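Here are the chains, one letter per residue:
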Number of protein chains: 2
Amino acid sequence: MAKGAQPKRPSIHDVARRAGVSAATVSKVMHGVPTVKAENAERVFEAVRQLGYRADPLASDLRRSKRRIIGAIVPELESEFFGSIVTHLERLAERRGYTLVAASSGESEEREAEILRRMEDWRVAGVVLAPVRDEHGPAGEMMRAQGMTGVMIDRVLSDKTFDTVSADSLSASAEVARELADRGHRHVLVIGLGEQGACVRARLEGFRRTAEALDPQMRIDVLLSESSVEPLRGAIRDYFSRGERPTAVFSLFLKGTLVALSEFRRRGWHCPDDISLIGFDDAEWMQVTWPSIAAVVQPVERIAAHAMERLFRRIDGETGPPMARLEPCRFLVRESIGMPRQERRQGPKISVVET
Amino acid sequence: MAKGAQPKRPSIHDVARRAGVSAATVSKVMHGVPTVKAENAERVFEAVRQLGYRADPLASDLRRSKRRIIGAIVPELESEFFGSIVTHLERLAERRGYTLVAASSGESEEREAEILRRMEDWRVAGVVLAPVRDEHGPAGEMMRAQGMTGVMIDRVLSDKTFDTVSADSLSASAEVARELADRGHRHVLVIGLGEQGACVRARLEGFRRTAEALDPQMRIDVLLSESSVEPLRGAIRDYFSRGERPTAVFSLFLKGTLVALSEFRRRGWHCPDDISLIGFDDAEWMQVTWPSIAAVVQPVERIAAHAMERLFRRIDGETGPPMARLEPCRFLVRESIGMPRQERRQGPKISVVET
DNA sequence: ATGAAAGCGCTAACAT
DNA sequence: ATGTTAGCGCTTTCAT
């Protein structure tokens, strides 16, 4: 297996030479320009076949001063949600002859800005940004300043410059409130990440308003951590340690659901007997555990589809005011939601060892 | 917010003009070539600052005939494992001044080949391929044929052309076998995806050999689905319906663990009282559920790190025979592993409704 | 119907 | 120490 210098790939000139025409003609043939003599076209195709020629899209883009590249920036790639978003965006971009270049900001606004800068260096045609915080982050500002073409998704509700596409958090949370109120819950803990800006606010408000409308007496405690998950875990732990005993927990984001579960474990509380749980964001495992976990499912595919549609319209020159689109969620009621128990047995405070 | 044509970004010539030097000099300054008069360098920096100039890396790559782009191809982006792999690769590539372009093959070899073709069109400097099946898939062949630079990871053990980096499946599975044998399990069901080639074979053999060495009487049933997960689910269902009652299930891949759990649910079996469960591949949720799920943790970070290290060495011209690297896994014993029960109570055959 | 020439934004020899 | 020139691989007038 000789490791020799790989034979440089044939260029358009190699094809031209072989076909006995000029590079310009080859280019025309490749683009289906009809003013080429059939015979020459045939020779070109033959040469292309023989050499295995494939055009370099980047060189082509350079010359046309228009890159067929879409950038996607997401807070993380490890989650089902964003992984799925990126997968869809990838397919949608390809369908239009574009290549998606995805990058993850690791929940850091500095990195987010850094990545955006690199995408602008690449002169991408457009960007799908799922900001770490919300539309007011540094990335959004950069996009405005640079006059970039882009769409924002997920942790945004609307923006004064860019089209936005996100889940209808307000309605979804309202539905959750309805479900809990119906079952007689009158003390609910809501947990979330404050950093996620407008989005978390909508989820919170949707819940609060509906809950208060249905049962003005309902006690709603809210625990928000400004930035990361661990402080939130601490806050929840404190909260329970103070003796607070809500009958249900509503987590506004996936990791919060995990944290809630693990805090229940620590205290030996079982779902839904000791406490009910509902999470924003569904995951595959939630339907196979005991109990299965109730969740709000975000319409990933529709979010991706509409984001791309808006983006391509803007790339194609559509002007007009930014549109803010909200896609409806589904609420999956599963076993983790029960009735509140009246007599509150003190849960045994053993902490289960995890190996 | 005028939507006017965005002001074209300044080119190196704009900077040159403004600084009163040639483009070549600007280029030198940007690359830290020391033979530039300090004063001129200063003027260039000033012009760069004023114009907000940033070089176009793609144009630069074109001229140098060397792209600072690494391609990554993974079977899916929705899983923690590959999401995490890609995230790490991204950072590692950046650290060397490269950009990672990731794509997902959706577990399809056709798509895998298609993506690889596009990456070759892009003239990427190298490719990290996590093949759908194993090193013998079409993508590997293409890479060989094209003389591409690349590294294979995950579902491979070794290759005759390319460096490979993967988890030490054999040892990990042996450890699982030891644990189960120690606890007295004498009838184990192993489930996996046949398509995943050498990798699954290693996981299976590692288990089988050790188990048989420790307890020649141990009964090991194996259910492999050739391609996708759903047929496997069917096979498992049939298997249990026939009255088979292994005391433990060992899943060779993440989705299999989910399937096993959901089949347990259908039958109302609880873990580990009715049956024990161990899965290859860890996930965040596995430690917060009741019971927590025992799992083999793949060394994601090390796999990514070594893959990139090998890749860059090859890009930098290292020759020599391909290296096959195996990274050790950790085995997390959790609550889903118990002792086998002698008297086998017939589990109630209710199927739990999932909404 | 075709090709020569110019050039996208950049870099690398080579002069000076 | 700097600028001129040529050209990476491609596309696009614009003559012919």
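For clarity, every value in this text was computed on a predicted model and none was experimentally measured.

1. A short note on the sheet that holds strand β2 (residues 99-104) of chain A
Residue and element names in this part refer to chain A. Spatially, β2-β1-β3-β4-β5-β11 is the arrangement adopted by the 6 strands of the open sheet, whose pairing is parallel. Sheet topology places β2 and β11 (324-327) at the edges, where each strand pairs with a single neighbour. The sheet shows a mean angle of 15° between the axes of neighbouring strands, direction not considered. Taken together, the 3 bridges between strand β3 (residues 126-129) and strand β4 (residues 150-153) define a ladder with parallel strand orientation. When the bridges of β4 are listed, Val127 appears paired with Gly150. Each of β1 (69-74), β2, β3 and β4 is contacted by helix α5 (residues 80-95), which is oriented at about 160° to β2, the strand it contacts most.

2. Here we look at the UniProt feature "domain: HTH lacI-type" (unreviewed entry) in chain A
In this numbering, the UniProt entry assigns the feature "domain: HTH lacI-type" (unreviewed entry) to residues 10-64 of chain A. Counted over residues 10-64 of chain A, helix gives 69% and strand 0%. Its end C-alpha atoms are 21 Å apart.

3. As for the pairing of strand β6 (residues 187-193) of chain A
Residue and element names in this part refer to chain A. With respect to burial, β6 is a largely interior element, 7 of its 7 residues being buried. Of the two faces of β6, the one holding His187, Leu189, Ile191 and Leu193 and the one holding Val188, Val190 and Gly192 are both buried throughout. In this sheet, strand β7 (residues 219-225) lies alongside β6 in parallel orientation, the contact comprising 7 bridges. The residue bridging Ile191 from the neighbouring strand is Leu223, located in β7. Strand direction decides the pairing type here: β6 and strand β8 (residues 248-251), joined by 4 bridges, are parallel. Of the residues in β8, the one forming a bridge with Val188 is Ala248.

4. Quick look at the packing of helix α1 (residues 12-19) of chain A against helix α2 (residues 23-30) of chain A
All names here are of chain A. For the pair α1 and α2, interaxial distance at closest approach is 8 Å and the crossing angle is 100°. Between α1 and α2, the angle is such that the two are roughly perpendicular. The residues of α2 that touch α1, namely those facing Ile12, His13, Val15 and Ala16, are Ala23, Val26 and Ser27. Looking at the contact of α1 with α2 residue by residue, the classes come out as 5 nonpolar, 2 polar and no charged.

5. Details of the environment of Asp316 of chain A
Residue placement: Asp316 of chain A occurs in the loop between α12 (300-315) and β11. Here Asp316 of chain A falls in the exposed class, since its relative accessible area comes to 59%.

6. So, the interface of chain B and chain A
One frequent convention defines the size of an interface as the accessible area lost when the parts assemble. At the junction of the two partners, chain B supplies 71 residues and chain A supplies 70 residues. Summing both partners gives a buried area of about 6,500 Å² for chain B against chain A, and 53% of it is carried by carbon and sulfur. Inspection of the region where chain B meets chain A yields 18 salt bridges. In this structure, Glu94 of chain B engages Arg118 of chain A in a salt bridge whose closest nitrogen and oxygen atoms are separated by 3.3 Å. At the surface where chain B touches chain A, the tally comes to 23 residue pairs in polar contact (both at pLDDT 80 or more). Listed by contribution, the elements that provide at least two residues to the side of chain B that touches chain A are α4 (57-64), α5 (80-95), β2 (99-104), α6 (109-121) and α11 (254-267) of chain B. Per-element tally for the side of chain B that touches chain A: the top contributor is α5 of chain B, with 8 residues. Taken together, the residues of the side of chain B that touches chain A sort by class into 27 nonpolar, 20 polar and 24 charged.

Each value, and the rule that gives it
- Residues numbered from 1 in each chain as written.
- Chains lettered and ligands numbered in written order.
- Predicted model: local features only at pLDDT ≥ 70, side-chain atom pairs only at ≥ 80, totals over all residues.
- Heavy atoms only, no water.
- Pairing = 2+ DSSP bridges.
- Helix = DSSP H or I, 4+ residues; strand = E, 2+ residues; numbered from the N terminus.
- Axes fitted to C-alpha atoms, helices over the stretch in contact; angles between N-to-C directions.
- Contact = heavy atoms within 4.5 Å.
- UniProt positions renumbered as here; feature names shortened; annotations may be inferred.
- Buried < 20%, exposed > 50% of the residue type's maximum accessible area, 1.4 Å probe, protein only.
- Parallel < 35°, antiparallel > 145°, perpendicular 65-115°, else oblique.
- Nonpolar A, V, L, I, M, F, W, Y, C, P; charged D, E, K, R; others polar.
- Buried area = accessible area lost by both parts, 1.4 Å probe.
- Salt bridge = Lys/Arg side-chain N within 4 Å of Asp/Glu carboxyl O.
- Polar contact = N/O pair within 3.5 Å; in protein donor to acceptor, adjacent residues only side chain to side chain.

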